Amino acid sequence: MAKGSGRTLYDKVWESHTVDILPTGQTQIFIGLHLIHEITTAPAFDMLREKGLKVAFPERTFATLDHIVPTDMRARPFLDSQAEELTQALEKNTGQFGIQFYGLDSDRQGIVHVIGPQLGLTQPGMTLACGDSHTSTHGAFGTLAFGIGTSQVRDVLATQTLAMDKLKVRRINIHGALSAGVYAKDIILFIIRRLGVGGGKGFAYEYGGSVVEKMSMEERMTICNMSIEGGALVGYVNPDEITFAFLKGREFVPKGEDFERAVAYWSSIASDPDAHYDDVVDMEASEIEPTVTWGINPGQAVGILEKLPDPERCSDPEGAKRAYEHMGWKPGSPILGTPINVAFVGSCTNSRLSDLRAAAKIAKGRKVHPAIRALVVPGSAAVKVLAEKEGLDRIFTEAGFEWREAGCSMCLAMNPDKLKGREICASSSNRNFIGRQGSPGGRTILMSPAMVAAAAVNGKIVDVREYV
Amino acid sequence: MTVETKIAKVTGTAVPIRGNDIDTDRIIPARYLKEITFARMGEYPFYDERFDSEGKPKSHPFNDPKYQGASILLVNKNFGCGSSREHAPQALFRFGIHAIVGESFAAIFAGNCVMMGMPTVTVTSIEIEELMKAVESNPRGVLSLDLEKKSLSCRERQIRFDIPDSYRSALMTGSWDCTSMLHANLDKAKKAAAKLPYMTAFKG
C-alpha cells in the first residue's frame, strides 16, 4: 500500500487549497472554515485592530462559547469576572467584525468541535482551523482540520489563509471487529500507547480498516479528536456513505440537487485505492481491551486487566517515574479496583449523544457510589435537548449524576468544575496532564464514557465488560 | 520589514528543564488563559511547579538564581505537547526565553514559537545531555545560536542543529510575523477560494 502512486485525501485537499508558495518555502493554504471560542481569540482581534485589518471572509468564521462556560449557574454576568470579561470581548469582537456568534442564549451553542459537525458546517474536503488542538476531531468527515495558536487565528481572520508546511501521511488500519464493552475511546488510547505521544510528529494520521469503516461518525470523531495526543496535528477518515448520511439534512449542508453535487465532490477527495502513504501501521481490534490511563500523559495507558508497568520497561523510564510520583501508585499494582472521587462524562472527545447513551445504559437502575461526585456535561445545547427527549437526563439524575448545561467543563477546568486536592477522576476527556482538571495535585484516569459510568456506580475502576 | 525583525542569532546564558513530554498545561496552567491579553504571561511559566499552593517558591530551574537572566531554554523530547495555547510560548518569551534547544517539539507549539520570532532548534539526545551538563556546571557560560550556520556554540564546542527550512527562512528574513505577507496575496486567496465547490454551496 505504501508504494502506490495514487494520492491521499490529504494530498488532494492540500493541493485544492493551495494559494501560493511563499518566499519562506511554506505553502499558503486557504482555510475553508474557521471556528473560534472565547479563550484563544481576544488578542487576535486586538492584533487586527493594531494592524488596521478587517476580517477577510467573515462568513467563513463561526464563534461560540465553550471553555469558560459555567455548566450550572449560567446567569449573566458570570460570577467569575474573568469569564465575563472574555465573553463580553467575544460578543464585542464578533459584533464589530460581522461574525456569526452562538452565545448561551442560542440553541446552537456548545463545544466548538461538537457544534461544527452537528450544524453541518464541517464538511469533507475542507480545510478547517480553530484555536484549539482538538480541532483534529473534524477530520472524521475527511476534513483537514487542525489546531492553531492565537497569531494564526489573527492570520485566518485577516486573510482566511495560513502559512503551512506539508505533513507526511501515516495510514493506521484497525482490522477485525470490536468486542462488547470496547469503544472508539479504547482504540485511540491503544493507538497512542502503541505509537507514543510524540509518535505522530510530522504526520497526518489517516484512520481506516474494517473497524473504522463500520464506525458511526461520532465514534470516528472520538478517534480523530485525540490524534493530537499522539503528536499528529491532523487525523482523518475518508468520507463514505456513513459520512454522507450523517450530513444529509443538516443546517449548513446543501439540499436537493446541490447535495448530490456535494456528495460527488466529497467522494472524489477520498484517498485513491493505490494512494501512497509515508507509513502504514496495522493493528488488530481483538487485541484491544477497555483501556485506561495510569500516568500523566495519554500514552501512559494499560488494558483494564493489566498490571501497572515497570518504569524501566517503559519507552521513557524517567517519564514513567514522574508519573508514579504524581499518581502515588506502585508498579505491578492492578489498575482495576482503583478508588475514585469524581466521575466526569463530557468533553469534545466524548460528550455526544451516543456517548451519553453508552454511559446511561450503565447508569440505568443503578446508583452513583455515595462517596463519588459525578457529573454529565453534554457537548452542546442540542445534544442536551436530544438526550432529554430520550430521558437520559432522568436516568442520570435518578442514579445520582448531576446533569449540566453544555461546555468544556472539567476537561480543562476553566469554569467552576474542578478537582480538589489529590482527588482522582474517572474522566471521558482527553488529557491526564498534571493539573489539567483544575487541581495541581489532582489525578485523572482517562477512559470511555461507559467505563466512567461503571466507575461512578462502583466508586472504583471496574471492567465495563461485566455490565454490557 | 524592519531590520530588527530579522532573527539570525540568539546569544545568552541557558537554563535546562529536564524531562520528555512537558505539556502546555505544565508550561502554563489553564486558569491563566482567562486573562484577556498576553501582557502578564511572563509571570506564570511553570507556575504550579515553581510555587506551592500558598505561593511560596519551590525548587525549579526558573526559580534558581544561578539561571537568572537565561535566554536559551534547553529541553528534551516532545516539549510543548498538548494544547494549542499560544500562552505557553508567550509565557516563556515574556519570562525572557528567546530560543529553545531540544530533542523534539510538539507541532503546534513549535509553530506558535516561530510566529512569535522564537527559534526552536533540535539536536541529538547525546548533544542535549552534553549541553545540559555544561550549563548545570557552568550556568554563566554563554551559548550562541547561529541560524545562518545552523550551529550552536557552547564554549569551544560547536554543535550543528536542525530547524525546518521554512522556519529558518521565516526567522532570518523577518517574515515570521507573516500577516502582511499573507495579506499581500489576498486576491490570489480569493481566486483559489472561488474554485472550491463548497464556497458556492455546490450551486450548479
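None of the values given here were measured: they were computed from a predicted structure.

Visitor: When you look at the overall build of chain B in this model, what are you seeing that I'm missing?
Guide: Helices and strands together make up the secondary structure of chain B, namely eight helices and seven strands. Considered along the principal axes of its C-alpha atoms, chain B spans approximately 70 × 45 × 30 Å. The 204 residues of chain B split such that 61% are buried. Across chain B, every contact between residues at least 6 apart in sequence was considered, and the portion connecting residues at least 24 apart equals 67%.

Visitor: Would you take a moment to explain helix 4 (residues 107-115) of chain B for this structure?
Guide: Side chains three or four residues apart in an α-helix point the same way, a direct result of the helix having 3.6 residues per turn. Residue and element names in this part refer to chain B. The buried fraction of helix 4 amounts to eight of the nine residues, a majority that puts the element mostly inside the structure. For helix 4, every residue scored as buried is listed here: Ile108, Phe109, Ala110, Gly111, Asn112, Cys113, Val114 and Met115. Just downstream of helix 4, Gly117 is the residue with a positive phi angle, here 80 degrees.

Visitor: How should I be thinking about the packing of aromatic side chains in this particular structure?
Guide: One pair of aromatic rings is described through two measures. These are the centre distance and the angle between the planes. According to the stated counting rule, one finds 21 aromatic pairs over all chains in the structure shown. Ring centres 5.4 Å apart and planes at 75 degrees place the aromatic pair A:Phe396 and A:Phe401 in the edge-to-face group. For A:Phe396, a relative accessible area of 0% gives the class buried. Looking at A:Phe401, the relative accessible area reads 3%, which means it is buried. Connected via pairs of aromatic rings, a cluster forms that spans A:Phe244, A:Phe259, A:Tyr265, A:Trp266 and B:Phe202. Here the guanidinium or amino end of A:Arg170 rests over the ring plane of A:Phe203, the centre of that ring lying 4.1 Å away.

Visitor: It is not clear to me how the interface of chain B and chain A should be interpreted in this structure. Could you clarify?
Guide: Quoted interface sizes are often the accessible area lost when the parts come together. The interface of chain B with chain A comprises 55 residues on the first partner and 70 residues on the second. Between chain B and chain A the total buried area reaches about 5200 Å² when both faces are included, carbon and sulfur atoms providing 61% of it. The three residues of chain B that bury the most area against chain A are B:Lys34, B:Tyr198 and B:Phe202, which together make up 16% of that side's buried surface. At the junction of chain B and chain A, the tally comes to seven salt bridges. A:Arg154 serves as the salt-bridge partner of B:Asp177, at 3.3 Å between the closest nitrogen and oxygen. Summed over the shared surface of chain B and chain A, the number is 23 residue pairs in polar contact (both at pLDDT 80 or more).

Visitor: When you look at the environment of B:Gly111 in this model, what are you seeing that I'm missing?
Guide: Position of B:Gly111 relative to the elements: it lies in helix 4. Along the sequence, B:Gly111 and B:Tyr32 sit 79 residues apart, while their C-alpha atoms lie 21 Å from each other.

Visitor: Where do I start with the state of the cysteines in this structure?
Guide: Joining two cysteines, a disulfide is a covalent bond between their sulfur atoms. Taken as a whole and judged by the stated rule, the model has zero disulfides over all chains. There is no disulfide at A:Cys130, and the cysteine sulfur nearest it, in A:Cys348, is 9.6 Å away. Cysteine B:Cys178 is unpaired, with the sulfur of B:Cys113 as its nearest cysteine sulfur at 14 Å. The exposure class of B:Cys178 is buried, given its relative accessible area of 4%.

Visitor: In this structure, what is going on with empty space enclosed by the protein? I would like to understand it.
Guide: Think of a ball as big as a water molecule: rolled over the atoms, this probe shows where empty space is left. The full count for this structure, using the stated rule, is five cavities of 30 Å³ or more. One number sums up the size of the largest cavity: a volume of about 200 Å³. A:His67, A:Asp132, A:His134, A:Leu412 and A:Arg436 are the residues nearest the centre of the largest cavity, which is lined by 24 residues in total. Along the lines of polarity and charge, the residues of the lining of the largest cavity split into eight nonpolar, 11 polar and five charged. Residues from two domains meet in the lining of the largest cavity; each of domain 1 (10-164) and domain 2 (291-466) of chain A gives at least three. By volume, the second largest cavity is sized at about 80 Å³. Around the second largest cavity, the lining residues are A:Val197, A:Ile228, A:Gly231, B:Asn78, B:Gly80, B:Cys81, B:Gly82, B:Ser83, B:Ala106, B:Ala107, B:Ile108 and B:Phe109.

Here is what the cut-offs are and how they apply
- Residues numbered from 1 in each chain as written.
- Chains lettered and ligands numbered in written order.
- Predicted model: local features only at pLDDT ≥ 70, side-chain atom pairs only at ≥ 80, totals over all residues.
- Heavy atoms only, no water.
- Helix = DSSP H or I, 4+ residues; strand = E, 2+ residues; numbered from the N terminus.
- Buried < 20%, exposed > 50% of the residue type's maximum accessible area, 1.4 Å probe, protein only.
- Contact = heavy atoms within 4.5 Å.
- Phe/Tyr/Trp six-rings, centres within 6.5 Å; stacked < 30°, edge-to-face > 60°.
- Lys NZ or Arg CZ within 6 Å of the ring centre and 35° of its normal.
- Buried area = accessible area lost by both parts, 1.4 Å probe.
- Salt bridge = Lys/Arg side-chain N within 4 Å of Asp/Glu carboxyl O.
- Polar contact = N/O pair within 3.5 Å; in protein donor to acceptor, adjacent residues only side chain to side chain.
- Disulfide = S-S within 2.5 Å.
- 1 Å grid on protein atoms, 1.4 Å probe; cavity = no way out; pocket = protein on both sides within 12 Å on 5 of 7 lines; lining within 4 Å.
- Points joined across faces, edges and corners; volume = space filled by probe spheres on them.
- Nonpolar A, V, L, I, M, F, W, Y, C, P; charged D, E, K, R; others polar.
- Domains from an automatic or database assignment.

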